[in-house]
Amino acid sequence: MDKTSVFWIVLGLILCLCLFAVILFLIRRSKSKRKVCGMTMDEKQHLLNEVAEPFGFAYAGEEDVFTGRLDAWQRKSGYEALFDKAAAHFHMIFDAYPVYFDYEGRTWLIEFWKGQYGINTGAEVGIYHADRIILEKERKTAHFDAVNDEEMPVIFYCLGKRRRGMFCIRRRHWWLASFRMGEFSQPKELRLMVVLTFAEPHQAERFYEGLRESGCPEDKCRLCCNEVQVCIDWGDYYGFFSRLYRNFIQLQNWLCCLLYRFVTYPFKCTVDRLLFLYFLLPGCFRKMMRLSAHGKQYQV
């Protein structure tokens, strides 16, 4: 048998294997679609919350977003400024706004994030404090722990994109994070309106002072008793090379969003798309659910 015959035989075998793999994939896709269509909405939400729990998230069907759980594993990790610096390397392109203030013998950090988290558009508000007063020069290297249950404020925020609202979430939380899967946005397009309700008016005053010291414009924040309102509708400034790199990552995020929508077609809402992916490609589902925000595990 000459080399030409061997080549065509091998090529034919490869094509047959590829055709067989495509047929198996189409059969599996059809079965996965039937599974999703055969479930009630309550069954879908229950299953999705069950499989999302180990990743620290829960599905909020009323807003079609994923939110951080109170008992999420991320709580043990706390926060360090290094997390934000490393975010872009893991497809997290967001604007971050840390606010530091001293209260009751400790330095507190309340940080806001808005932007693109892989294939997700989202926002976060995190509440942390150190175990002592931190000098200003130490803030970028210090470790902050998540607040305990008694220290959590009530957080309410609405995320908007251009001139339309996306979702509103209200919880008493240490880290209120929400993500709309399959939505692509530039951070500068997003507007985050937040209301923080503290247990004590003095704490609200100290936070408001820290907010003003951080450079927040006076017309973007307001103090009323134990409640502080802030509207974050501006973007951070980045140097030329940082902008270039962020745009490169955003191009990849945009392409991944298109791929996600293509693979999960014809489903439209998140619960259907993700359960379809869970049945069809469980490995991809697990990777997508690792959307841990503010630096704990950047693996969307």
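That block above? That's the structure.
No experiment lies behind these values; they were computed from the predicted model shown.

Basis of the calculations
- Residues numbered from 1 in each chain as written.
- Predicted model: local features only at pLDDT ≥ 70, side-chain atom pairs only at ≥ 80, totals over all residues.
- Heavy atoms only, no water.
- Core = buried A, V, L, I, M, F, W, Y, C linked by side-chain atoms within 4.5 Å.
- Buried < 20%, exposed > 50% of the residue type's maximum accessible area, 1.4 Å probe, protein only.
- Helix = DSSP H or I, 4+ residues; strand = E, 2+ residues; numbered from the N terminus.
- Patch = residues over 30% accessible without salt bridge, like charges linked within 9 Å, V, L, I, M, F, W, Y side chains within 5 Å.
- Areas by Shrake-Rupley, 256 points an atom, 1.4 Å probe, with all protein chains shown as cover.
- Salt bridge = Lys/Arg side-chain N within 4 Å of Asp/Glu carboxyl O.
- Disulfide = S-S within 2.5 Å.
- Lys, Arg positive; Asp, Glu negative; His and termini not counted.
- Charge placed at Lys NZ, Arg CZ, Asp CG, Glu CD.

> Help me understand the nonpolar core in this model?
As a rule of thumb, soluble globular proteins bury nonpolar side chains together. Formed by 83 residues in total, the largest nonpolar core has its most connected members in F112, Y157, L196 and F207. Among the elements that take part in this core, strand β3 (residues 92–103) stands out by supplying eight residues, more than any other.

> Mind showing me how you'd approach unusual backbone geometry here?
Glycine aside, a negative phi is what most residues show, and trans is what most peptide bonds show. Following Y265, the chain continues to P266 via a peptide bond in cis, the omega torsion being 15°. Locating P266 in the fold gives a position in the loop between α5 (240–263) and α6 (270–280). Of note, H91 is a non-glycine position whose phi angle comes to about 65°, a positive value. Positionally, H91 belongs in the loop between α3 (81–86) and β3.

> Explain a nonpolar patch on the surface here, please?
On the surface, a nonpolar cluster with roughly 480 Å² of combined accessible area is contributed by L19, F20, I23, L24 and I27. Here I27 lies in helix α1 (residues 3–37).

> Explain the pattern of salt bridges here, please?
Side chains that differ in sign of charge can pair as their charged atoms come close. Per the counting criterion, the structure on display carries 13 salt bridges. With its nearest N and O atoms 2.7 Å apart, the salt bridge here joins K44 to D272. Pair noted here: K44 is in helix α2 (residues 41–52) and D272 is in helix α6, with a separation of 228 residues, a long-range link. Residue class for K44 comes out buried when judged on its relative accessible area of 9%. For D272, a relative accessible area of 11% translates into the label buried. With a closest N to O distance of 3.3 Å, R132 and E138 form a salt bridge. Under the relative-accessibility criterion, R132 is labelled partly exposed at 40%. A single salt-bridge network, built from bridges that share partners, covers E53, R69 and D71.

> Just checking my understanding: could you explain the state of the cysteines for this structure?
Put plainly, a disulfide is one covalent bond tying together the sulfur atoms of two cysteines. Across all of its chains, the model carries one disulfide by this definition. With a sulfur-sulfur separation of 2.1 Å, C158 is cross-linked through a disulfide to C168. Every disulfide takes its handedness from the sign of the S-S torsion; for C158 and C168 that torsion is 110°, giving right-handed. Of the two residues, C158 sits in strand β7 (residues 154–161) while C168 sits in strand β8 (residues 164–172), which places them 10 residues apart along the sequence. Judged by relative accessible area, which is 32%, C168 ranks as partly exposed.

> Hey, could you run me through the environment of T67 in this one?
In this structure, T67 sits in strand β2 (residues 65–68). T67 gets classed as buried once you look at its relative accessible area, which sits at 5%. For the pair formed by T67 and E150, sequence separation is 83 residues and the distance between their alpha carbons is 20 Å.

> Please explain a positive patch on the surface as it appears in this structure.
Positive charge collects at one region of the surface, where R28, K31, R34 and K35 lie side by side. Summarising the element assignment, R28 is placed in helix α1. According to the relative accessible area criterion, R28 is partly exposed, its value standing at 41%.

Honestly, that's just the spatial picture; any functional story needs more than this.
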